[in-house]
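Structure assessment
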Amino acid sequence: MASVTYQNVIKKFGDLEIIKNLNFQVEDKEFLVLVGPSGCGKTTALRLLAGLEEITSGEIKIGDRVVNDVAPKDRDIAMVFQSYALYPHLSVFDNMAFGLKLRKTPKDEIKRRVNEAAQILDITHLLDRKPRQLSGGQRQRVAVGRAIVREPKVFLFDEPLSNLDAKLRVQMRAEISKLHQRLQTTFIYVTHDQTEAMTMATRIAVINKGILQQLDTPQMLYDKPNNLFVAGFIGSPAMNFFPAKLTVSEGKVSVNVDSFKVQIPEALSNPYKNLDGKNVVFGIRPENIHDPEFAPVNIAGEKVSVKVDVTELMGNETFLYLVNGKNTFIARVDPRSKKRVGDEMQVIFDMDKFHIFDADTEKAIR
């Protein structure tokens with residue numbers, strides 16, 4: 001088992017800098033997810049660790065060993081790709097055993113490792129089949145099994161669920177999480193899907209344009225995003241943002257949007273009392289905007305008048321797309337809400353759970 005350290009890692013393709021001074025450590029036995037939009041550099045960061053790309057500058061360590069100049073086969077890692085990359089002419093057993101055979105592992109040891117991995121993944125009954133006889137989910141299990149038999153220090157997953165349908169993705173998420181608990185090995189997992197990241201990770205590294213934006217637990221990223229990008233990326237539907245100005249009057253702090261005004265609760269107002277007139281971005285998540293009829297009790301509620309533009313009935317919840325002046329935003333309300341398109345109403349903003357960002361730096365103000 002091993003930790004992984006990125007120290008001042010830079011990767012350039014020609015003059016284009018893809019990874020910009022990346023610094024973080026993955027703890028031993030941790031499940032770390034690298035998340036960000038397409039093209040942000042997360043897969044490149046993983047490939048640098050695997051040795052599939054060469055570092056421009058900086059160091060990557062596995063445990064205490066610098067692996068910059070170590071061949072991929074000697075780094076004691078195993079990688080699962082988005083494409084299953086199975087040999088079509090080989091059986092499941094032979095696909096899983098292929099890497100061990102190249103290393104001249106004894107036959108008895110190969111058989112033991114393959115059978116153990118197949119048991120863990122519930123594919124023992126598939127060992128004699130060819131890949132064309134398998135479903136997408138079964139092929140993905142075989143690809144994971146091929147990594148398990150190597151018994152590496154670090155598992156790397158590069159968007160392994162992207163080719164699966166929605167229902168199977170949910171199932172495989174749970175299976176990979178259980179696999180991590182069972183193997184007690186370091187997992188590093190790349191995805192652009194923040195739901196995957198939130199449900200699977202011990203910690204999440206949010207990357208944008210090659211820069212690490214925030215590294216924290218899923219709950220901390222959700223509750224206390226460092227900046228506008230993290231706030232907008234984590235959470236579904238995304239956080240609502242409003243250009244606004246802070247005003248302070250008689251010790252009370254208000255957030256002034258062009259078409260409405262809400263007051264910050266006294267207990268939470270101290271960080272903003274010296275910011276009278278400051279331009280900010282006011283953020284509030286859809287789940288913290290309520291239909292008054294079903295609003296939680298004992299919240300610091302502020303009423304905002306809106307018109308319902310679109311409704312999406314999801315069964316266990318309802319999304320209301322709302323309009324206030326020039327602002328459009330989403331509320332995630334109780335499914336019992338009777339509001340329909342064209343209705344004018346007031347919604348309740350839960351001001352115990354607001355976010356304020358500096359309009360210039362886009363950093364959170366707390």
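Just above, that's the structure.
Residues numbered from 1 in each chain as written. Predicted model: local features only at pLDDT ≥ 70, side-chain atom pairs only at ≥ 80, totals over all residues. Heavy atoms only, no water.

**Considerations on helix H2 (residues 92–102)**
One turn of the α-helix equals 3.6 residues, which is why residues spaced by three or four share an orientation. Buried residues of H2: Val92, Asn95, Met96, Ala97, Gly99 and Leu100, and no others. Those residues of H2 hidden inside the fold are in contact with helix H3 (107–121) and helix H4 (136–148). One or two positions beyond H2, positive phi appears at Lys104, with a value near 60°. (Buried < 20%, exposed > 50% of the residue type's maximum accessible area, 1.4 Å probe, protein only. Helix = DSSP H or I, 4+ residues; strand = E, 2+ residues; numbered from the N terminus. Contact = heavy atoms within 4.5 Å.)

**Remarks on the nonpolar core**
One finds Met96, Ile148, Phe155, Phe187 and Tyr189 to be the most contacted residues of the largest nonpolar core, which totals 46 residues. Excluding residues within four positions of it along the chain, Tyr189 makes contact with Phe31, Leu32, Val33, Leu34, Phe157, Pro160, Leu161, Ile176, Glu196 and Met200. Judged by nonpolar contacts, the second largest core, of 30 residues, contains Ile62, Val67, Val70 and Ile207. (Core = buried A, V, L, I, M, F, W, Y, C linked by side-chain atoms within 4.5 Å.)

**With respect to the sheet that holds strand E13 (residues 260–263)**
The sheet built from 5 strands is open, its strands ordered E13-E12-E11-E14-E20 with antiparallel pairing. Edge positions in the sheet fall to E13 and strand E20 (354–358), since each has one partner strand and no second. Averaged over all pairs of adjacent strands, the angle between strand axes in this sheet comes to 40°, irrespective of strand direction. Sheet analysis places strand E14 (residues 279–284) next to E20, joined by 5 bridges and oriented antiparallel. When the sheet's bridge partners are listed, Gly283 is paired in E20 with His355. (Pairing = 2+ DSSP bridges. Axes fitted to C-alpha atoms, helices over the stretch in contact; angles between N-to-C directions.)

**Overview of unusual backbone geometry**
In this chain, Ser236 is followed by Pro237 through a cis amide linkage whose omega measures -5°. When you line up the elements, Pro237 lands in the loop between helix H8 (228–233) and strand E11 (240–249). Phi angles above zero are rare outside glycine, and Asn21 is one such case at about 50°. Here the phi dihedral of Gln184 falls at roughly 55°; this positive angle occurs in a residue that is not glycine. Following the sequence through the fold, Gln184 ends up in the loop between helix H5 (166–183) and strand E8 (186–191).

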